[in-house]
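# Topology and contacts: notes
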Amino acid sequence: MTELKYFVHETAVIDEPCEIGAGSKIWHFSHIMQNCRLGENCNIGQNVVVSPEVVLGKNVKVQNNVSIYTGVTCDDDVFLGPSMVFTNVINPRSAVNRRGEYSKTHVGKGASIGANATIVCGHNIGKFAFIGAGAVVTKEIHDYALVVGNPAKQIGWMSEYGHRLKFDNNNIAICPESNEKYKIEDNKVIKL
């Protein structure tokens, strides 16, 4: 018998085929559906649904009660907060089969999505963006953007370490934890 290189709780369901990276952990009552790809060192919390063909990069943290539907891809180091949800059909109806109409959503490297947030399908989340708890995302989110509310509105910028950036008169900000510098140009933030 081959020893698994990842942990699966006895109550979790893993459909075949799928790929699960070494060091990943899948906890109580979670369901990983067929043709999913999970990178190394992912942590899938309790009662999580990962629908067919979802792709998660390395070190993705998925908290309890999250639904990740077909059409979603997440880069490395993404954080998905408790009970947040993705959608994959823009106009769902119970009596109308729209399986061939799934919209795609991509979450960039290092982005964090807060508890109970909803990501309406077809709207990508930039790298290191920070989506506040309960936000409803209805449009594209820039790299490093901080958004909150329903519908989500941008209220600032975040560092890669998760600190709100304060820009000086030269449009430069310094992360208080990492001392990394950022610059704002044309309503976009870049790390220097």
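The following paragraphs examine the structure supplied in this document. The shown structure was predicted, so the numbers you read here are calculated from the model rather than taken from an experiment.

### What about the sheet that holds strand β15 (residues 105-107)?
Taken together, five strands build an open sheet; the order of strands is β3-β6-β9-β12-β15 and the sheet is parallel. Strands with a single pairing partner mark the edges of an open sheet, and in this sheet they are β3 (19-20) and β15. By the bridge criterion, two bridges tie strand β9 (residues 55-56) to strand β12 (residues 72-74) in an arrangement that is parallel. When the sheet's bridge partners are listed, leucine 56 is paired in β12 with cysteine 74.

### Description of the sheet that holds strand β21 (residues 153-157)
Taking strand neighbours across the sheet as the criterion, the nine strands line up as β1-β4-β7-β10-β13-β16-β18-β20-β21 in an open arrangement whose pairing is mixed. Since the sheet does not close on itself, it has two edges, and those belong to β1 (7-8) and β21, each with one partner. The sheet contact formed by strand β13 (residues 79-80) and strand β16 (residues 112-113) spans two bridges and is parallel. Looking at β16, one finds that leucine 80 is bridged to isoleucine 113.

### Thoughts on the side chain of arginine 98
Here arginine 98 shows up in the loop between β14 (85-86) and β15. Setting aside its immediate chain neighbours within four residues, arginine 98 contacts Val89, Asn91, Pro92 and Arg93.

Quick notes on the rules
Residues numbered from 1 in each chain as written. Predicted model: local features only at pLDDT ≥ 70, side-chain atom pairs only at ≥ 80, totals over all residues. Heavy atoms only, no water. Pairing = 2+ DSSP bridges. Helix = DSSP H or I, 4+ residues; strand = E, 2+ residues; numbered from the N terminus. Contact = heavy atoms within 4.5 Å.

It is worth stressing that arrangement in space is one thing and function is another; only the former is reported here.
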